[in-house]
Amino acid sequence: MTDRVSAQSGRRRTAIPRRFLMCRPEFYDVRYSINPWMHPEKPVDDALALSQWETLRDLYRDLGHTVQEIDPIPGLPDMVFAANGATVLDGKVFAARFRHVERTAEGPAYLDWFRQHGYEETHWPEYINEGEGDYLSVGRRLLAGTGFRTDPRSHAEAQEFFGVPVTSLRLVNPSYYHLDTALSVLSEDEVMYYPAAFSEGSQAVLRELFPDAVLATHEDAAVFGLNALSDGRHVLLPEAATHLAKELAARGFEPIGVDLTELLKAGGSVKCCTLELRD
Ligand code: ARG
């Protein structure tokens, strides 16, 4: 564990070792379009996608985190976005049930991995939900997105399963179709987010819960800057998000820019590639 004291807030920034599940983009491609970032006519550089992803995985390991890998499956080009594979809290696994037929096979594939790796408490959901794409844990609360992918009825289902408060947030801009494209958790009680991605009411809820949140600009959001992962001290985020990086540094975090431009062609980046295993 490493410490750093924030000049602005006086808070000590401590990196806590995490466990992540990732999926190598071996069969990654953009062949269909289920979000505004995906243009199947634009070619993907397979080798570059792979090396950008490996850089992220190795960076996690260099920072002291554990990365496990699930085997990629041919015919599931979006499986690289492991965040969508499930939501895991207290060692309990709430499986994902995808909105689009192109991705439905990923839900059972991820659930199998958990069953084979000793996770005993698993739940096959009644309602559509796209895992940590729309469920983000902050403190002992889950923030839950809806509007494009996850069914709002899933939020009550998750609350019942995990036994922690679930706060519903409505997304309104199709470019920020998952919660993790519009909001990122920085610590046990801090987040950063792009207000315009949320409905008026959800913006008010976020102001109420997080009055000191880092607010992202339109430019930060447009380069996917909110699709970031914080370990409490280091914040890995798309390298083009330079304004956000400055804001984070001013609060004592250590921003680390990552280049995942090939994965952005499918509408994903750092957080989308990373499923946190919270035991
Ligand atoms: N092409 C994928 C989709 O539209 C990207 C998923 C990104 N993942 C995420 N956690 N936001 O479903």
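Residues numbered from 1 in each chain as written. Predicted model: local features only at pLDDT ≥ 70, side-chain atom pairs only at ≥ 80, totals over all residues. Heavy atoms only, no water.

Some remarks on the nonpolar core
And then number 1: Within the largest apolar cluster, 59 residues are counted, with the highest numbers of intra-cluster contacts made by Tyr28, Leu56, Tyr60, Leu183, Val191, Met192 and Phe198.
And then number 2: Residue assignment for this core shows that the elements contributing at least two residues are β3 (19-23), α1 (46-62), β8 (135-138), β11 (183-187), β12 (190-193), β15 (234-238), α6 (242-250) and β16 (254-258).
And then number 3: Residue contributions to this core peak at 4 residues, all from α1.
And then number 4: In this structure, Tyr28 is in contact with Val44, Asp46, Ala49, Pro77, Val80, Phe81, Glu262, Leu263, Lys265 and Ala266, ignoring residues within four places of it in sequence. (Core = buried A, V, L, I, M, F, W, Y, C linked by side-chain atoms within 4.5 Å. Buried < 20%, exposed > 50% of the residue type's maximum accessible area, 1.4 Å probe, protein only. Helix = DSSP H or I, 4+ residues; strand = E, 2+ residues; numbered from the N terminus. Contact = heavy atoms within 4.5 Å.)

Some words on the environment of Lys271
And then number 1: By secondary structure assignment, the location of Lys271 is in the loop between α7 (261-264) and β17 (275-276).
And then number 2: Here Lys271 falls in the buried class, since its relative accessible area comes to 7%.
And then number 3: It is 9.3 Å that separates the C-alpha atoms of Lys271 and Ser230, two residues lying 41 residues apart in sequence.
And then number 4: Residues contacting Lys271, with those up to four places away along its chain left out, are Ala83, Glu132, Leu136, Asp180, Asn227, Ala228 and Leu229.
And then number 5: Within the local environment of Lys271, its side chain forms a polar contact with the side chain of Glu132, the two groups lying 2.6 Å apart. (Polar contact = N/O pair within 3.5 Å; in protein donor to acceptor, adjacent residues only side chain to side chain.)

Notes on the site of the ligand
And then number 1: Taken together, the neighbourhood of the ligand is formed by 17 residues, with Asn35, Arg103, His178, Asp180 and Cys272 sitting nearest.
And then number 2: Here an oxygen atom of the ligand sits 2.6 Å away from a polar atom, N or O, in the side chain of Arg103.
And then number 3: Taking Ala266, its main chain carries an N or O atom lying 2.8 Å from a nitrogen atom of the ligand.
And then number 4: Here the ligand, which alone exposes 350 Å², has 100% of that area covered by the protein. (Near = heavy atom within 4 Å. Areas by Shrake-Rupley, 256 points an atom, 1.4 Å probe, with all protein chains shown as cover.)

Overview of the pattern of salt bridges
Side chains that differ in charge, positive against negative, can pair when their charged atoms come close.
And then number 1: Within the structure shown, the criterion is met by 21 salt bridges.
And then number 2: Note that Arg18 is salt-bridged to Glu276, the shortest N-O span being 3.2 Å. Residue Arg18 is located in the loop between β2 (12-14) and β3, and its partner Glu276 is located in strand β17; the two are separated by 258 residues in the primary sequence.
And then number 3: Since its relative accessible area comes to 19%, Arg18 is described here as buried. (Salt bridge = Lys/Arg side-chain N within 4 Å of Asp/Glu carboxyl O.)

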